Amino acid sequence: MTKFEPVFHAAIDTLFAHLQAEEQGAGRASGYASLAQVLDTLEIDRWLPAGGLQGKAFESFLENYLHHSVKLHHPLHIAHQVSVPDYPAALAAMVNGLTNNPMAIYEMGPAAAAIEFAVINWMLGKIGWSGQPLRSTGQDSDDYAAGVLTHGGSLANLTSLLAARAVIAPDAWERGVPGDLAVLVPPGSHYSVARAVAILGLGENALYDLPANQWGVVDADGLADGLARVHADGRRCMAVMANACSTATGLHDPIRAMGEFCRAHELWFHVDACHGATALLSAERAHLLDGIELADSVVWDTHKMMQVPAIAAAVLFRKASSFEKAFHQDASYLAYGQDVDSYDSLPRAVECTKAALGFKIFMNVAWRGEKTLGEYVDERYSMASRFHDLINARDGFASPYEPETNILCFRYGDDCELQQRIRDRMVRDGSAHITSAIVAGKRWLRLTVMNPLTDEIALHRLLDIIERTAVQCQQPS
């Protein structure tokens, strides 16, 4: 242990120096370079077979590694829905790395398992559901909620649809998937939903787009027509899904209206709230999730708006009984029967070996408090609204809709191909990092204001950079 202390201290010093430079807006906003360049700079072929990456050699390697890493703390990194990790959760990630308690089995990580139990119940309460009891008291599992932390929203969406399948086709686990199941989804649903449907054996043809407006927001008045299309094709609706919010636009579907429709028609209602659920901590923005308590399942990624390092997501169920039916397996060498004094998440998750995800979430909430996390959501959402105003006040730019979250689409000029060239050039030269998306049949530039240091000055800088880059993109090569 002692011989590692100097290198640990050196690594932390190097890391914090880089973070400080990023936060001040120094250097490039991205670490982009070609694969061949990165492999060469890191001298991978030298170190991988022979070893010896120690001492000063490691310090030099770490400098190069950080140079080619994405600069999430840079004010002009306004790209993906990945958190700028807060320091308490980052500290928890370091502790997890050294203690390495894979806590899906309680005896392999009692502290981590206990924290996950408490974090899940805290989340269930935020949605408006009753938490899991500490001990089995004979209470009907229809009367309380349940959930589990997973390694990402994709696994969480898969788990929620697995539970929905168990309700409509309870023998599918043993006998295979019926060929008549369908899932009604917003046209802008996350790609992981189509992937989950395919993995579950339904096939992508089982996906039916719900009626929506030009920005992909579900039209509540068209729900009956959507269900009628499913029935007309001789299928049964396994689940109806809502976005809270859409990955591409940051806009929310009408959750309450959709939930009420599903209750009336006895349909499983799933809310993909990976990005938006943290707004439940905000007094000003919680209304965007109005009706979420009507859902049968909800997905909440904390590695987005809760400033938790990747990756830590939750899949939450209104009824514990429906969750219990999702998986139908026993592993006698791991699970030794129901222990009322423990909490095994193995029977309720895809993963067997699972990191102590709850510790990272717990540290941010316990350190900062709900109020501070809610204020962070408010500030980032408000900054996106301010950017919308700045864009529409500037010649050549347009932002088509008032943002509901910290995600916003906008354009410079009318040329769809130009939007992609602008984005790609900025990422490669490191001047700024944004994304793009196709919405309403057109290519848009897209940003996600995650960084607490992305202020109005940074947004003005971004517009200046886009103007200069557009000129460069249109010059003959």
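To be clear, the structure that these remarks concern was listed above.
Criteria and cut-off values
- Residues numbered from 1 in each chain as written.
- Predicted model: local features only at pLDDT ≥ 70, side-chain atom pairs only at ≥ 80, totals over all residues.
- Heavy atoms only, no water.
- Pairing = 2+ DSSP bridges.
- Helix = DSSP H or I, 4+ residues; strand = E, 2+ residues; numbered from the N terminus.
- Contact = heavy atoms within 4.5 Å.
- Axes fitted to C-alpha atoms, helices over the stretch in contact; angles between N-to-C directions.
- Salt bridge = Lys/Arg side-chain N within 4 Å of Asp/Glu carboxyl O.
- Buried < 20%, exposed > 50% of the residue type's maximum accessible area, 1.4 Å probe, protein only.
- Core = buried A, V, L, I, M, F, W, Y, C linked by side-chain atoms within 4.5 Å.
- Patch = residues over 30% accessible without salt bridge, like charges linked within 9 Å, V, L, I, M, F, W, Y side chains within 5 Å.
- Areas by Shrake-Rupley, 256 points an atom, 1.4 Å probe, with all protein chains shown as cover.
- Lys, Arg positive; Asp, Glu negative; His and termini not counted.
- Charge placed at Lys NZ, Arg CZ, Asp CG, Glu CD.
- Right-handed = clockwise from strand over helix to strand, strands pointing away.

### So, the sheet that holds strand β8 (residues 397–398)
By definition, the strands of a sheet pair up through backbone hydrogen bonds, in either a parallel or an antiparallel sense. The 4 strands are arranged β8-β9-β11-β10 in an open sheet whose pairing can be described as antiparallel. Two strands bound the open sheet, and with one partner strand each, they are β8 and β10 (435–439). The sheet contacts of helix α16 (residues 416–429) involve β9 (407–412), β10 and β11 (442–448), and relative to β11 the element is tilted by about 35°. Strands β8, β9 and β11 of the sheet are contacted by helix α17 (residues 456–474), whose axis makes an angle of about 35° with β9.

### Notes on the pattern of salt bridges
Counting across every chain of the model gives 18 salt bridges. For the salt bridge of E116 with K354, the shortest nitrogen-to-oxygen distance reads 2.8 Å. Of this pair, E116 sits in helix α6 (residues 110–127) while K354 sits in the loop between α13 (320–324) and α14 (357–368), placing them 238 residues apart in sequence. Judged on exposure class, the residue E116 and its partner K354 are both buried.

### Section: the nonpolar core
M123, V271, I292, L316 and I361 are the most contacted members of the largest nonpolar core, which has 60 residues in total. The biggest single contributor to this core is α6, with 7 residues. Apart from residues no more than four positions distant in its own chain, I361 is found in contact with V119, M123, L149, T302, M306, V308 and A312. Formed by 36 residues, the second largest nonpolar core is a distinct cluster that contains V217, I422, L459 and A470.

### What about the environment of A163?
Assignment of secondary structure puts A163 in helix α7 (residues 153–168). The class for A163 is buried, based on a relative accessible area of 0%. With 149 residues separating them along the chain, A163 and A312 place their C-alpha atoms 20 Å apart. Setting aside chain neighbours within four positions, we find A163 in contact with W268, F317, S322 and A326.

### Here we look at a negative patch on the surface
A contiguous patch of negative charge on the surface is contributed by D140, D142, D143 and E324. Tracing the chain through its elements places E324 in helix α13.

### A short note on unusual backbone geometry
Geometrically, the link from A244 to C245 is a cis peptide bond, its omega value of 15° lying close to zero. Positionally, C245 belongs in the loop between β4 (236–243) and α11 (255–264). The omega angle of the peptide bond from A310 to I311 is 15°, so this bond is cis rather than trans. Take I311: it is sitting in the loop between α12 (302–305) and β7 (313–317). Despite not being glycine, E266 shows a phi value in the positive range, around 55°. With respect to the secondary-structure elements, E266 resides in the loop between α11 and β5 (269–272).

### Describing the pairing of strand β2 (residues 181–185)
Within β2, 5 of the 5 residues are buried, leaving the element largely enclosed by the surrounding structure. In β2, alternate side chains face the same way, and those of L181, V183 and V185 on one face and A182 and L184 on the other are all buried. With 3 bridges connecting them, β2 and strand β3 (residues 207–209) associate as parallel partners. Within β3, the position partnered with V185 by the bridge is D209. Handedness of the crossover is the feature at issue here: the chain leaves β2, passes through helix α9 (residues 191–199), returns alongside β3, and the resulting connection is right-handed.

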